[in-house]
Amino acid sequence: MAVDLRRVLGFKAWTSLFWGTPHSWRFTHSLASCMQAAHLPERRLKALLYPASELQAYLAAGGKEDQLTLFHPSLELMAKAEKLFTPSPKHHIHYWSSAVRLDHAPSLQQPEVCFIGRSNVGKSSLIRALFSLVPDIEVRVSKTPGHTKKLNFFRVGRAFTVVDMPGYGYRAPRDFVEIVESYLETRSNLVRTFLLVDGVVGLQKADRVAVEMCEEFGLPYVIVLTKIDKGRQGALLRNLIQLQEIIQKHTGACYPQPFLVSSTSFSGVYLLRSFIAHVTGNLDQGITTNKSQPERVS
Ligand SMILES: Nc1nc2c(ncn2[C@@H]2O[C@H](COP(=O)(O)OP(=O)(O)OP(=O)(O)O)[C@@H](O)[C@H]2O)c(=O)[nH]1
Ligand SMILES: [Mg+2]
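Sequence order as written defines residue numbering, which begins from 1 separately in each chain. Here the convention is simple: chains get letters from A, ligands get numbers from 1, in the order in which they are written. Totals for whole chains, interfaces and linings use every residue, but because this is a predicted model, local features are given only for residues with pLDDT of at least 70 and side-chain atom pairs only at 80 or more, for both listing and counting.

Focus: the overall build of the protein
Now for step 1: Secondary structure elements follow DSSP: runs of H or I of four or more residues count as helices, runs of E of two or more count as strands, with numbering from the N terminus. Along its length, the protein carries 12 helices and seven strands.
Now for step 2: Buried means a residue has 20 or more other C-beta atoms within 10 Å of its own C-beta, exposed means 12 or fewer, and partly exposed covers the counts in between; C-beta atoms are placed from the backbone. Every one of the 298 residues in the protein was classed for burial, and the buried ones make up 41%.

Rendered as structure tokens:
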């Protein structure tokens, strides 16, 4: 049975999603909003909201399924988080600036989250999916690795900033280390780093180096498996189990729950919006999500 969110939230909340002119929302993806997805059949909706749920039965044997539901907000909470990603006359969401050097980075006080990962892993695509309810934001993606060459800052009202980064590995910009490492090491308002790993190929050597770097800097970070719509479920499961082992045994600053996303099917995108709202203190003030005291959010 599909959940009728219009009843849960009231008609006003539904209509407020589309504050712009019909022209501005005509181009949004049909699943850009969890409110639209709420009308799908239950199984399809569950897979979109909690993509790990489909793999959970296989993880139960190893006792690892609990790690995947540590952050498990309800649909209502996801709809609340989604409002942050929805522009309105009082809540502007827009591209702010780009920086090729750290001293060009804007000085902003609000909490910031950034996306790092190998070239072509899907950083820009994921940011585009997160902002798919914002018609004015254009995030460029490309099949060619090494496409994003600067730090690109997107401002979400007064709530937080999202930063797209150049990728590491093949065809990384020459000054990658200088820009990205110094940003990660010194950015004082950075509250969470999202380290993206390709769900089809799993952790590569370059990803392990990135994990070590996050550990060395003591950054609170979270690992996101991308492109889960591609490849076989078996390969995704294997990569997920391997990742869970590494998080459990070799990390201290990594959030125990890996997130699974597809920027093309929108699986996991609503959950990730909610997690960003949560870690930037915009969803449920006061709940901490570190490894030593992970709290269940549901
Ligand atoms: N099937 C599928 N393809 C994806 C997904 N996310 C990204 N891609 C594709 O992967 C390619 C690279 O995507 P980008 O988002 O540009 O990757 P990036 O990490 O920003 O790459 P750089 O800017 O070069 O570091 C593009 O061809 C995207 O269409 C996904 O979830 N599913
Ligand atoms: Mg990019």
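Thoughts on the packing of helix α7 (residues 75–84) against helix α12 (residues 269–279)
Now for step 1: Axis definition: a line fitted to C-alpha atoms, over the contacting stretch in the case of helices. Angles run 0 to 180 degrees between N-to-C directions. At a closest axis distance of 8 Å, the pairing of α7 and α12 adopts a crossing angle of 70°. With respect to their mutual orientation, α7 and α12 come out roughly perpendicular. For the pair formed by α7 and α12, the contact residues are Leu-77, Met-78, Ala-81, Glu-82 and Leu-84 on the first element and Tyr-270, Leu-271, Arg-273, Ser-274 and Ala-277 on the second.
Now for step 2: Following the grouping adopted for this structure description, the nonpolar residues are Ala, Val, Leu, Ile, Met, Phe, Trp, Tyr, Cys and Pro, the charged ones are Asp, Glu, Lys and Arg, and the polar ones are all others, Gly among them. Split by residue class, the contact of α7 with α12 holds seven nonpolar, one polar and two charged. If an angle is under 35 degrees, it is roughly parallel; if it is over 145, roughly antiparallel; if it lies from 65 to 115, roughly perpendicular; otherwise it is oblique. Distance between backbone-placed C-beta atoms decides contact: two residues are in contact if it is within 7 Å.

As for the site of ligand 1
Now for step 1: The criterion for a residue being near a molecule or strand is simple: its C-beta atom, placed using the backbone, must lie within 6 Å of it. Around ligand 1, 24 residues are found, and the nearest of them are Gly-122, Ser-124, Ser-125, Thr-148 and Gly-167.
Now for step 2: Of the residues in the shell around ligand 1, the class split is four nonpolar, 15 polar and five charged.

Concerning the sheet that holds strand β4 (residues 160–164)
Now for step 1: Judged by pairing direction, the sheet is mixed, and its seven strands sit side by side in the order β1-β3-β4-β2-β5-β6-β7 without closing on themselves. In the strand order of this sheet, the two ends are held by β1 (93–99) and β7 (259–260), each with one partner.
Now for step 2: Pairing between two strands requires that DSSP report at least two bridges joining them. Taken together, the six bridges between strand β2 (residues 112–117) and strand β5 (residues 190–198) define a ladder with parallel strand orientation. When the bridges of β5 are listed, Glu-112 appears paired with Leu-190.

Let's talk about the pairing of β2
The two faces of the sheet receive side chains in turn, since in a regular strand these alternate between them.
Now for step 1: Among the six residues that make up β2, six are buried, leaving the element largely enclosed by the rest of the structure.
Now for step 2: Neither face of β2 is left uncovered, since the one carrying Glu-112, Cys-114 and Ile-116 and the one carrying Val-113, Phe-115 and Gly-117 both have all their residues buried.
Now for step 3: Here β2 runs beside β4; their pairing, made up of four bridges, is parallel. Bridging across to β4, Glu-112 finds its partner in Thr-161.

Some thoughts on the environment of Asn-152
Now for step 1: Take Asn-152: it is sitting in strand β3 (residues 151–156).
Now for step 2: What makes Asn-152 buried here is the crowd of 22 C-beta atoms within 10 Å.
Now for step 3: Distance in space between the C-alpha atoms of Asn-152 and Val-162 is 8.2 Å, their sequence separation being 10 residues.

A closer look at the pairing of β4
Now for step 1: Counting buried positions along β4 gives five out of five residues, so the element sits mostly inside the fold.
Now for step 2: Residues Phe-160, Val-162 and Asp-164 of β4 are buried on one face, and the alternating residues Thr-161 and Val-163, pointing to the opposite face, are buried as well.
Now for step 3: Linking β3 back to β4 in an antiparallel pair, the connection comprises three residues, with Gly-157 at a positive phi of about 50°.

Considerations on unusual backbone geometry
A negative phi angle characterises most non-glycine residues, just as the trans form characterises most peptide bonds.
Now for step 1: In the Ramachandran plot, Lys-227 falls in the positive-phi region, its phi being about 55° despite a non-glycine side chain.
Now for step 2: Tracing the sequence through the fold places Lys-227 in the loop between β6 (221–226) and α11 (233–250).
Now for step 3: Even without being glycine, Phe-266 reaches a positive phi, approximately 75°.
Now for step 4: Its location among the elements puts Phe-266 in the loop between β7 and α12.

What to know about the environment of Arg-192
Now for step 1: Within the secondary structure, Arg-192 is located in strand β5.
Now for step 2: Looking at Arg-192, the number of C-beta atoms within 10 Å reads 20, which means it is buried.
Now for step 3: With 81 residues separating them along the chain, Arg-192 and Pro-111 place their C-alpha atoms 8.8 Å apart.
Now for step 4: Excluding residues within four positions of it along the chain, Arg-192 makes contact with Val-113, Pro-220, Tyr-221, Val-222 and Val-279.

Re the confidence of the model for the protein
Now for step 1: On average, residues of the protein score 85 in pLDDT, and 83% of them reach the 70 mark or higher.
Now for step 2: Contacts for the low-pLDDT stretch residues 1–26, under 50 throughout, to residues beyond four places or in other chains number 31 contacts. Confidence per residue, as judged by the predictor, is encoded in pLDDT with a range of 0 to 100.

Side note on helix α9 (residues 176–186)
Now for step 1: If you check which residues of α9 are buried, you get Ile-179, Val-180, Tyr-183 and Leu-184. For α9, the angular spread of the buried residues around the axis is 110°, confining them to a single face. Away from its buried face by more than 90 degrees, α9 exposes Val-177 and Thr-186.
Now for step 2: Contacts from the buried residues of α9 go to β2, β3, β5 and α10 (205–217). The arc refers to the directions leading from the helix axis to the C-beta atoms.

Section: α12
Now for step 1: Most of α12 is tucked away: 11 of the 11 residues are buried.
Now for step 2: Every buried residue of α12 is accounted for by Val-269, Tyr-270, Leu-271, Leu-272, Arg-273, Ser-274, Phe-275, Ile-276, Ala-277, His-278 and Val-279.

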